[in-house]
Protein chains: 2
Amino acid sequence: MARALLLALDYGGTKHTAALLVPGERTWLAHGRVFSSPGADATCDQAAMLDLARRLLREHPGQLTAVGVSFGGPVDATRGVVRLSHHVPGWEETPLAARLQAELGAPVAVDNDANVAALGEWTFGAGQGCTSLLYVTVSTGIGGGWVLAGRIWGGADGMAGEIGHVVVRPGGVPCVCGKNGCLEAEACGWGIAAKARAWLEGGGERLKAGNRHPEADSGKQEAGTALLALAGGRSEAVTAQMVAQAAAEGDPLAQAVLDDAAEALGAGLGGAINLMNPERVVLGGGVTKAGERWWQIVRDTARRHALPQTRVEIVPAALGDDAPLWGAAALAQAL
Amino acid sequence: MARALLLALDYGGTKHTAALLVPGERTWLAHGRVFSSPGADATCDQAAMLDLARRLLREHPGQLTAVGVSFGGPVDATRGVVRLSHHVPGWEETPLAARLQAELGAPVAVDNDANVAALGEWTFGAGQGCTSLLYVTVSTGIGGGWVLAGRIWGGADGMAGEIGHVVVRPGGVPCVCGKNGCLEAEACGWGIAAKARAWLEGGGERLKAGNRHPEADSGKQEAGTALLALAGGRSEAVTAQMVAQAAAEGDPLAQAVLDDAAEALGAGLGGAINLMNPERVVLGGGVTKAGERWWQIVRDTARRHALPQTRVEIVPAALGDDAPLWGAAALAQAL
């Protein structure tokens, strides 16, 4: 009999990845990627992904037993229907699971990328061995997903895990969702960049008002100098990466902005811990590379916000950008 | 064969209730209550409850098939062990499930009262028919519990549902837990009373600063007059009930305090909805009797905080103070 194969598919915003896994193994049998061409719609992307999957299956023969799919947008996981994509037109109400099942002849499970990434970390990454897990990706935006008792918890409308839009600072930084002081606006990449720009433009007063770690003021450098230099003198060009770099170089303004973002994240996580008491919190995404001080503030603040009887185990993600793909394999494995 | 019987026990702070249910029925076969004498310890209370249970079972013969227990304090539900009571000494690390099982000869499940009340509302009350439920009791303090996919979600340490200690207003009202601006401090009975006292003592300026519903200012009455009269002229004697009554009588200060508490609760619920996307939120406890305006502000604020794709179904609890007892019966029924 032919060997069993699982197919994992990850539809990202601009790149789509497919991989084959032999059940029980921990390295991909095969792996491939295609990029969306500018102006591509849902039909193009589905055709490109199907071509890629068929090529992998042709080159690595076996019995396809199940397909798991991570999709970068809201999904009705129960029905296997993509609600929409925020990046690519034409995905509205696409019955992706049914279509793939018809094309590939195997059962298909679909869920959104944050949920699937959570399952990936739980099955193959930093969440192994725990019974409940909150996964949060702190990157351009903030997304999250829950694994409770070994299963994705998507909630009544597939929206669970949206910790990025929990308000942690009423009246704070305006968020893309229309509220102010959402965790995303206070702690993610664009939020960090926006706050740094505002503080640069507002000068010392803004820095003082927002700076919750006064020791950052006592540096020998003048606040903002290194950051502004990295941005070529134009505050509007500041990015979160520049903030992290300037902070590492000792710029007190950049450090204060980063500390402030870490503290907002810790507060949000502490609240989530009080609400759900997960055994572990796994943090992924680019902002988590901001250094040991950022991690320390996140953990200390979460500990201070969480009730003393709760566990506060906050660890870095292990799978990086591959978390959704590994999660898709885990979804397939569970079918 | 003797009819099957379920025994439900509810250990409260000062009163303990026991009831017998024939599985599948919706009215108690028998029901009794004992009160803790002042100075009672865990041993007294356990003996009194056991006496009561034995009496009910003697008077209503049958085959005891299972026992469900609601306990007013932290519980390790997996092991059936009471961690401690905040009201009665001597409960530390009591293996309540094992003891009751030895005494009564039937399997026993124990959980804390907020979790059990959530299960009670889900099985017999306002949560019937939904797949996920957040239950919050807004009373002297604020407690909460989750029922997800038909089961209590207690979390890694039995602490899930502690929405009362999620910070909704950083730097706000000091909370018993040591933080500031916890939902409990901003929205529960003692929080409402404390805020009313502070605003009465601080005069109009405090009122203005905290008042998020300016129309409350436009009443014909002078702010605080009715409330102060209810408290016999002594601001330190103000209670949450007086605030609700004065608000109903048109006192603008009392109304503003109540509105502010409702808004804090709505914000906390909106955050919980973004995090977990429950199908329904059930609110119980004395503060929920504060009137239609309070409910409207809670619902509107939660809707504003929750992402548009999430359901925001916020309904009053149906079982009142009996929710833990009904939940204990549901716990027993599930054994």
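Residues numbered from 1 in each chain as written. Chains lettered and ligands numbered in written order. Predicted model: local features only at pLDDT ≥ 70, side-chain atom pairs only at ≥ 80, totals over all residues. Heavy atoms only, no water.

What follows deals with the pairing of strand S1 (residues 4-11) of chain B. Residues and elements named next belong to chain B. In terms of residue burial, S1 counts as a mostly covered element, since seven of its eight residues are buried. Sheet topology places S1 next to strand S4 (residues 63-71); eight bridges connect them, and they run parallel. Of the residues in S4, the one forming a bridge with Leu6 is Ala66. By the bridge criterion, six bridges tie S1 to strand S2 (residues 15-21) in an arrangement that is antiparallel. (Buried < 20%, exposed > 50% of the residue type's maximum accessible area, 1.4 Å probe, protein only. Helix = DSSP H or I, 4+ residues; strand = E, 2+ residues; numbered from the N terminus. Pairing = 2+ DSSP bridges.)

This part covers the relation of the copies chain A and chain B. Under the fitted operation, chain A is carried onto chain B by 0.0 Å of movement along the axis and a turn of 180 degrees, and the coordinates agree to an RMSD of 0.0 Å. Here the copies are linked by what is in effect a two-fold axis. Interface overlap between copies: 100% of the residues of chain A at the interface are likewise at the interface in chain B, consistent with a symmetric, same-surface contact. (Least-squares fit on C-alpha atoms with pLDDT ≥ 70 in both. Contact = heavy atoms within 4.5 Å.)

The next point concerns the confidence of the model for chain A. Residues and elements named next belong to chain A. Confidence along chain A averages 92 in pLDDT terms, with 95% of residues attaining 70 or more. Note that residues 204-216 has pLDDT below 50 and, in this model, 26 contacts with residues that lie over four places away or in other chains. Scored by ipTM, the complex comes to 0.92, with pTM at 0.92. (pLDDT = per-residue confidence, 0-100.)

This part covers the pattern of salt bridges. Residue and element names in this part refer to chain A. Summed over the entire model, instances satisfying the criterion amount to 26 salt bridges over all chains. In this structure, Glu186 and Arg169 form a salt bridge, with 3.1 Å as the shortest nitrogen-oxygen distance. Here Arg169 lies in the loop between strand S10 (151-153) and helix H4 (183-187) and Glu186 lies in helix H4, a separation of 17 residues in the sequence. Here Arg169 falls in the buried class, since its relative accessible area comes to 13%. Between Arg234 and Glu236 there is a salt bridge whose closest N-O contact spans 3.6 Å. (Salt bridge = Lys/Arg side-chain N within 4 Å of Asp/Glu carboxyl O.)

We now examine the interface of chain A and chain B. Taken together, the contact between chain A and chain B spans 37 residues of the former and 37 residues of the latter. Between chain A and chain B, a total of about 3000 Å² is buried, with carbon and sulfur atoms accounting for 65% of that surface. When the area that chain A buries against chain B is broken down by residue, the three leading residues are Trp153(A), Leu275(A) and Met276(A), summing to 22%. Our enumeration of links across chain A and chain B arrives at two salt bridges. Run the count over chain A and chain B and you get 18 residue pairs in polar contact (both at pLDDT 80 or more). Where the side of chain A that touches chain B is concerned, the elements lending two or more residues are strand S9 (142-148), helix H9 (252-276) and helix H10 (292-305) of chain A. It is H9(A) that contributes the most residues to the side of chain A that touches chain B, five residues altogether. (Buried area = accessible area lost by both parts, 1.4 Å probe. Polar contact = N/O pair within 3.5 Å; in protein donor to acceptor, adjacent residues only side chain to side chain.)

On to the domain arrangement of chain A. All names here are of chain A. Examined at the domain level, chain A breaks down into domain 1 (4-125 + 320-333) and domain 2 (132-316). With centres defined by C-alpha atoms, the gap from domain 1 to domain 2 works out at 30 Å. On the side of domain 2, 14 residues touch domain 1, which itself brings 14 residues to the contact. The contact between domain 1 and domain 2 buries some 1100 Å² in all, and 66% of this surface belongs to carbon and sulfur atoms. (Domains from an automatic or database assignment.)

The subject of this paragraph is the packing of helix H1 (residues 42-59) of chain B against helix H2 (residues 96-104) of chain B. All names here are of chain B. Running from amino to carboxyl end, H1 crosses H2 at an angle of 40 degrees, the nearest separation of the two axes being 12 Å. It follows from the interaxial angle that H1 and H2 lie oblique. The two elements H1 and H2 meet at a crossing, and its hand is right-handed. For the pair H1 and H2, the contacting residues are Gln46, Leu50, Arg54 and Leu57 in the first and Leu96, Arg99, Leu100, Glu103 and Leu104 in the second. The residue inventory of the contact of H1 with H2, partitioned by class, reads five nonpolar, one polar and three charged. (Axes fitted to C-alpha atoms, helices over the stretch in contact; angles between N-to-C directions. Parallel < 35°, antiparallel > 145°, perpendicular 65-115°, else oblique. Left-handed = near helix turned anticlockwise from the far one by under 90°. Nonpolar A, V, L, I, M, F, W, Y, C, P; charged D, E, K, R; others polar.)

Moving on, we get to H2(B). All names here are of chain B. Residues of H2 that are buried include every one of Leu96, Ala97, Leu100 and Leu104, and no others. Down the axis of H2, the buried set is contained in an arc of 95 degrees. They therefore lie on one face. Among the exposed residues of H2, those pointing more than 90 degrees away from its buried face are Ala98 and Ala102. Buried residues in H2 make contact with S1, H1, S4, strand S6 (81-82) and strand S7 (108-112). Two residues or fewer after H2 comes Gly105, characterised by a positive phi angle close to 70 degrees. (Arc of directions from axis to C-beta.)

Another aspect to go through is the environment of His305(B). For His305(B), the location among the structural elements is in helix H10 (residues 292-305). For the pair His305(B) and His16(B), spaced 289 residues apart in sequence, the C-alpha to C-alpha distance is 39 Å. With sequence-adjacent residues up to four places away left out, His305(B) is seen in contact with His165(A), Val167(A), Lys179(A), Ala267(B), Gly270(B) and Asn274(B).

A few words now on the side chain of Thr123(A). All names here are of chain A. Looking at the element boundaries, Thr123 is found in helix H3 (residues 113-124). Owing to a relative accessible area of 18%, Thr123 belongs among the buried residues under this scheme. If we ignore the near neighbours within four places in the chain, the residues touching Thr123 are Arg26, Gln128 and Ala330.

In this section: the packing of aromatic side chains. Residues and elements named next belong to chain A. Applying the stated criterion to the full structure yields 12 aromatic pairs over all chains. Judged by centre distance (5.4 Å) and plane angle (80 degrees), the ring pair of Tyr11 and Trp91 falls under edge-to-face. Of the two residues, Tyr11 is situated in strand S1 (residues 4-11) and Trp91 in the loop between strand S6 (81-82) and helix H2 (96-104); the sequence distance between them amounts to 80 residues. For the pair Tyr11 and Trp91, one class covers both residues: buried. Measuring from centroid to centroid gives 4.6 Å for Phe71 and Trp91, while their planes differ by 65 degrees, and the two rings are edge-to-face. Pair noted here: Phe71 is in strand S4 (residues 63-71) and Trp91 is in the loop between S6 and H2, with a separation of 20 residues, a long-range link. On the accessibility criterion, Trp91 (2% relative accessible area) is buried. An aromatic cluster of three or more residues is present, and its members are Tyr11, Phe71 and Trp91. (Phe/Tyr/Trp six-rings, centres within 6.5 Å; stacked < 30°, edge-to-face > 60°.)

Here the focus is the packing of helix H5 (residues 189-202) of chain A against H9(A). Residues and elements named next belong to chain A. Relative orientation of the contacting elements H5 and H9 amounts to 135 degrees, with a least axis distance of 10 Å. It follows that H5 is oblique to H9 by the angle criterion. As H5 runs across H9, the sense of the crossing is right-handed. For the pair H5 and H9, contact is made by Ile192, Lys195, Ala196, Trp199 and Leu200 and by Leu253, Ala256, Val257, Leu258, Asp260 and Ala261, respectively.

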